[in-house]
Amino acid sequence: MDKQEQVEQLTNYVAHFVAHTAKVLPDDVIAKLDELAEKEDSPLSKTIYQTMKLNQKLAKELNRPSCQDTGVMQFIVRCGTNFPLINELEVLLKEAVIRATQQAPLRHNSVETFDEYNTGKNVGTGTPTIFWEIVPNSDELDLYTYMAGGGCSLPGKAMVLMPGAGYEGVTKFVLDVMTSYGLNACPPLLVGVGVGTSVEVAALHAKKALMRPIGSHNPNKNAALLEQLLEDGINKIGLGPQGLGGKYSVMGVNVENSARHPSVIGVAVNVGCWSHRRGHIVFDKNLNYKILSHSGVTL
Ligand code: SF4
């Protein structure tokens, strides 16, 4: 294959994968929703989970997105410096979103800020959002895809806490966000919490935390404990499925962090909804792919 054919193939793979993730949830999300459906015991909660299950079944059978809000596409790109299409990647990801928008179809969710018109293609200035991570001496492309819906993006918040706030301050910040905006985001939620020095660092950690599988834990045992305590605390709010009450508010809480300035704690929350359309696919240098988020898929 020459370079142009490789670009065409990768564009099509990504377009098909994105279209698929609009219709079928990742394996870990499906398993967690099934688990929570079992554990809830109020008739209303049970009915909502049954409706979610039916929604997923019909989306697959009818080949349609499982939620009308297919979000703004975001990519977290961990790209090896030796991946053969590194130079073409940014342009081809944009083209893949345009193709997926037509194929799936996806809702047109890219409105030019300040000019207030919809591009009609689901891409625009700076969208899809691409977060780059360059991996030295690798020839792989490790790609996360995410549909950032309006409702699930709504609780997003970041701030830098006063020096004395400590980890109690982090907890208060997260719980304040969840008690005020959590129900807007179609629970049960996956809550991403980022901790670092400044707001943009914390916010990016919080987004990356949403890429981690449900049930995974931060490798630091204190951070893992914070994940568990926050999960227990947010569940006690009793949001339940779709915010209509229940024993479980969240599918999980994932904390990501970096070392920080000793005087401050930057903290951020990013939220995924029950329809958490996250995909994870890895390409080798020959464009052979491995899909890690969804089983049984051929592109
Ligand atoms: S929060 Fe999620 S499930 Fe609810 S409308 Fe938005 S994208 Fe759809």
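Residues numbered from 1 in each chain as written. Predicted model: local features only at pLDDT ≥ 70, side-chain atom pairs only at ≥ 80, totals over all residues. Heavy atoms only, no water.

### Observations concerning the nonpolar core
If you look at the biggest cluster of nonpolar residues, it comprises 34 residues, and the most contacted ones within it are Leu 10, Val 14, Phe 75, Val 77, Leu 93 and Leu 141. Put simply, the parts of the chain that give this core at least two residues each are helix H1 (3-23), strand E1 (72-80), helix H4 (89-103), strand E5 (141-148) and strand E10 (278-283). At nine residues, H1 tops the list of elements feeding residues into this core. Excluding residues within four positions of it along the chain, Val 77 makes contact with Leu 89, Leu 93, Ile 130, Phe 131, Trp 132, Glu 133, Leu 141, Asp 142 and Leu 143. In terms of nonpolar packing, the next biggest core, distinct from the first, is built from 22 residues, Phe 173, Val 195, Leu 226 and Val 271 among them. (Core = buried A, V, L, I, M, F, W, Y, C linked by side-chain atoms within 4.5 Å. Buried < 20%, exposed > 50% of the residue type's maximum accessible area, 1.4 Å probe, protein only. Helix = DSSP H or I, 4+ residues; strand = E, 2+ residues; numbered from the N terminus. Contact = heavy atoms within 4.5 Å.)

### Considering the site of the ligand
Taken together, Cys 67, Gln 68, Asp 69, Gly 151, Cys 152, Ala 185, Cys 186, Cys 273, Trp 274, Ser 275 and Arg 277 form the complete shell of residues around the ligand. Across the shell around the ligand, the residue classes tally to six nonpolar, three polar and two charged. Split by domain, the shell around the ligand shows at least three residues from each of two domains, domain 1 (1-149 + 276-299) and domain 2 (151-272). (Near = heavy atom within 4 Å. Nonpolar A, V, L, I, M, F, W, Y, C, P; charged D, E, K, R; others polar. Domains from an automatic or database assignment.)

### Points about helix H2 (residues 27-39)
With 13 residues, H2 should cover 18 Å at 1.5 Å per step; its first-to-last C-alpha distance of 19 Å lies within 8% of that length. Inspection of H2 places Asp 28, Val 29, Lys 32, Leu 33, Leu 36 and Ala 37 among the buried residues, and these make up the whole buried set. Check the buried side of H2 and you find it contacts helix H3 (43-62), strand E8 (250-257) and E10. (Expected span 1.5 Å × (residues − 1).)

### Digging into the packing of H2 against H3
Two elements in contact, H2 and H3, have axes separated by 9 Å at closest approach and are oriented at 155°. Classed by the angle they form, the pair H2 and H3 counts as roughly antiparallel. H3 is crossed by H2, and the crossing has left-handed handedness. Here H2 contributes Ile 30, Leu 33, Asp 34, Leu 36, Ala 37 and Glu 38 to the contact with H3, which in turn contributes Lys 46, Tyr 49, Lys 53 and Gln 56. Considered class by class, the residues forming the contact of H2 with H3 number five nonpolar, one polar and four charged. (Axes fitted to C-alpha atoms, helices over the stretch in contact; angles between N-to-C directions. Parallel < 35°, antiparallel > 145°, perpendicular 65-115°, else oblique. Left-handed = near helix turned anticlockwise from the far one by under 90°.)

### Details of the sheet that holds E8
Across the sheet, four strands lie side by side as E6-E9-E7-E8; this open sheet has mixed pairing. Strands at the two margins of the open sheet, each flanked by one partner only, are strand E6 (157-161) and E8. The average undirected angle you get between the axes of adjacent strands in this sheet is 15°. With seven bridges joining them, strand E7 (residues 189-196) and E8 adopt parallel strand pairing. By the bridge assignment, Val 191 is partnered in E8 with Val 253. (Pairing = 2+ DSSP bridges.)

### Observations regarding the packing of aromatic side chains
Under the definition given, this model contains three aromatic pairs. With a centroid separation of 6.1 Å and an interplanar angle of 25°, the aromatic rings of Tyr 13 and Phe 283 are classed as stacked. One end of the pair, Tyr 13, is in helix H1; the other, Phe 283, is in strand E10, and 270 residues separate them in sequence. Like Tyr 13, the residue Phe 283 is buried in the burial classification. Centre to centre, the rings of Tyr 13 and Tyr 289 are 5.0 Å apart; their planes meet at 65°, and the pair counts as edge-to-face. One end of the pair, Tyr 13, is in helix H1; the other, Tyr 289, is in strand E11 (residues 289-291), and 276 residues separate them in sequence. Judged by relative accessible area, Tyr 13 falls into the buried class, the value being 16%. The exposure class assigned to Tyr 289 is partly exposed, which follows from its relative accessible area of 25%. (Phe/Tyr/Trp six-rings, centres within 6.5 Å; stacked < 30°, edge-to-face > 60°.)

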